[in-house]
Amino acid sequence: MDKAVSISTDMHLAAIQQARPGMREYELAAQVEAVALANYGRLSYATILTINGQTLHNQLSRQYHTEGQMVLVDAGAETSLHYAGDLTRTFPVGSTFTSRQRELYTVVGNALDHAVSLYARHSYKEVHTQACIKLSEGLIAVA
């Protein structure tokens, strides 16, 4: 499992490091997927890489990236032993968040940290519920 998650993490780091204005979504997706293959892995599932995060299963992947635009990457690697990683992250093209993007990113990060802090002592449903509450509170606070 560690290897699958490690490769998956490297896939996401490649996306962040290689995203450039003028690049098409499918070009960046190819770079992400190459990391899995280069590490003797394969994809856990079809990569989602889009600037239209509201449409997760965007199959076209033809959009151009522009400076400051947010990119959503949902990608993971599977090892030869069939352990799989599954990570979803967002980041801005050009690596600089606007102040609004930073606020929203912080809200999501706070909800994640809260969920992780509850994980060992609560049911999955309760962790999920508490994360949703934390997200709602954070979004209301920055609205």
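Quick caveat: nothing in here was measured; it's all calculated off a predicted structure.

Conventions adopted
Residues numbered from 1 in each chain as written. Predicted model: local features only at pLDDT ≥ 70, side-chain atom pairs only at ≥ 80, totals over all residues. Heavy atoms only, no water. Helix = DSSP H or I, 4+ residues; strand = E, 2+ residues; numbered from the N terminus. Buried < 20%, exposed > 50% of the residue type's maximum accessible area, 1.4 Å probe, protein only. Contact = heavy atoms within 4.5 Å. Areas by Shrake-Rupley, 256 points an atom, 1.4 Å probe, with all protein chains shown as cover. Lys, Arg positive; Asp, Glu negative; His and termini not counted. Charge placed at Lys NZ, Arg CZ, Asp CG, Glu CD. Pairing = 2+ DSSP bridges. Expected span 1.5 Å × (residues − 1).

Draft legend 1. Quick peek at the overall build of the chain. A count of helices and strands for the chain gives 4 helices and 5 strands. Written out in order from the N terminus, the α and β elements of the chain read α-α-β-β-β-β-β-α-α. Within the span of the chain, comprising 143 residues, buried residues form 34% of the whole. Restricting to contacts in the chain with at least 6 residues of sequence separation, those with at least 24 account for 62%. In the form shown here, the chain has an accessible surface area of approximately 8,800 Å², with 57% of it arising from carbon and sulfur atoms. Charged side chains in the chain number 11 positive and 13 negative. The centres of these two groups are separated by 1 Å.

Draft legend 2. The side chain of histidine 65, seen in detail. Tracing the backbone shows histidine 65 in the loop between β2 (48–50) and β3 (70–75). Overall, the relative accessible area of 1% leaves histidine 65 in the buried class. Apart from the residues within four sequence positions on either side, histidine 65 is in contact with Arg20, Pro21, Gly22, Met23, Arg24, Glu25, Leu28, Leu49, Ile51, Val71 and Val93.

Draft legend 3. Expanded view of the pairing of β3. Among the 6 residues that make up β3, 5 are buried, leaving the element largely enclosed by the rest of the structure. Looking at chain direction, β2 and β3 are connected through 3 bridges and run antiparallel. Note on β3: the bridge partner recorded for isoleucine 48 is aspartate 74. For β3 and strand β5 (residues 87–92), the ladder comprises 6 bridges, and the chain directions are antiparallel. By the bridge assignment, leucine 72 is partnered in β5 with threonine 90.

Draft legend 4. Structural view of helix α4 (residues 124–142). If you check α4, its first and last C-alpha atoms are 27 Å apart, about what 19 residues at 1.5 Å a residue would give, namely 27 Å. Check the buried side of α4 and you find it contacts α3 (99–118).

Draft legend 5. Representation of the environment of alanine 141. By the secondary structure assignment, alanine 141 is in helix α4. Sequence separation between alanine 141 and arginine 42 is 99 residues; the distance between their C-alpha atoms is 41 Å.

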